[in-house]
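# Structural overview for review
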Amino acid sequence: MKKSKLTKVNLRNRKIVLGLTGGIAIYKSAGLLRRLVRDEGADVTVVMTESAQQFMTPLIFETFSGKPVLTSMWNGGKVATRHIDLATDSDLILVSPATANIVAKTAHGIADDLLSTIILAAGPKTVFALAMNVHMYENAVTQENIRKLRALGYGFIEPEEGELACNTVG
């Protein structure tokens, strides 16, 4: 099998919104954030859903980003247009981990929290790093949502295979 050659993308000073959703793989996002900011020099704003905050608190992400973590449509500055400003001012919206829930919401135009409204406003500059149980990933509904979003220009980072939180492999 031929290995593909990866091209190094310069992320220095690039504005990235890192969207964190409620999946067990969120623990990997702390290391990702640290690398993006410290090693790559990216300007990262973290947005956490309510479910994400059930797995980890904003404090670790504030420490690694050097910025407040945004968790709500309704607090902080620029409340009325924050989702639009973040969507238009960013070079990339990276959702990691991307659960079946956020993929489904996006595929159906549901924007009921800060992250989903940013994604809806940003459109195809959004990349989903898929992370969910294998049964959820292989579900026909999830696969259809992914196909729909791919056709609309959204990007995807496919999940890796390995041991899952439920002690199965997938």
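Before reading further, recall that the structure is shown in the block above.
All values derive from a computational prediction rather than experimental measurement.

## Brief notes about the overall build of the protein chain
Looking only at helices and strands, one finds eight helices and five strands in the protein chain. Starting at the N terminus and ending at the C terminus, the protein chain contains elements arranged as β-α-β-α-α-α-β-α-α-β-α-α-β. Every one of the 170 residues in the protein chain was classed for burial, and the buried ones make up 42%. Restricting to contacts in the protein chain with at least 6 residues of sequence separation, those with at least 24 account for 70%. Entry remark: accessible area of the protein chain is about 9800 Å², with carbon and sulfur atoms responsible for 55%.

## Observations regarding the nonpolar core
Counting residues in each nonpolar core, the largest one holds 25 residues, and the members touching the most others are Val 95, Ile 102, Ile 119, Phe 128 and Leu 130. Where this core is concerned, the elements lending two or more residues are α4 (82-89), β3 (92-98), α5 (100-107), α6 (114-122), β4 (126-130) and α8 (140-151). By residue number, the principal contributor to this core is α6, which donates five residues. Filtering out sequence-adjacent residues up to four positions away, Val 95 remains in contact with Gly 19, Thr 21, Ile 102, Leu 115, Ile 119, Thr 126, Val 127, Phe 128 and Ala 129. In terms of nonpolar packing, the next biggest core, distinct from the first, is built from 18 residues, Leu 11, Leu 33, Leu 36 and Ala 42 among them.

## Re unusual backbone geometry
Leave glycine aside and you will find that most residues have negative phi; peptide bonds, for their part, are mostly trans. The omega angle of the peptide bond from Ser 96 to Pro 97 is 10 degrees, so this bond is cis rather than trans. In this fold, Pro 97 is placed in strand β3. Of note, the phi angle at Asn 13 is positive, near 65 degrees, even though the residue is not glycine. With respect to the element layout, Asn 13 can be found in the segment before β1 (15-20).

Parameters and conventions
Residues numbered from 1 in each chain as written. Predicted model: local features only at pLDDT ≥ 70, side-chain atom pairs only at ≥ 80, totals over all residues. Heavy atoms only, no water. Helix = DSSP H or I, 4+ residues; strand = E, 2+ residues; numbered from the N terminus. Buried < 20%, exposed > 50% of the residue type's maximum accessible area, 1.4 Å probe, protein only. Contact = heavy atoms within 4.5 Å. Areas by Shrake-Rupley, 256 points an atom, 1.4 Å probe, with all protein chains shown as cover. Core = buried A, V, L, I, M, F, W, Y, C linked by side-chain atoms within 4.5 Å.

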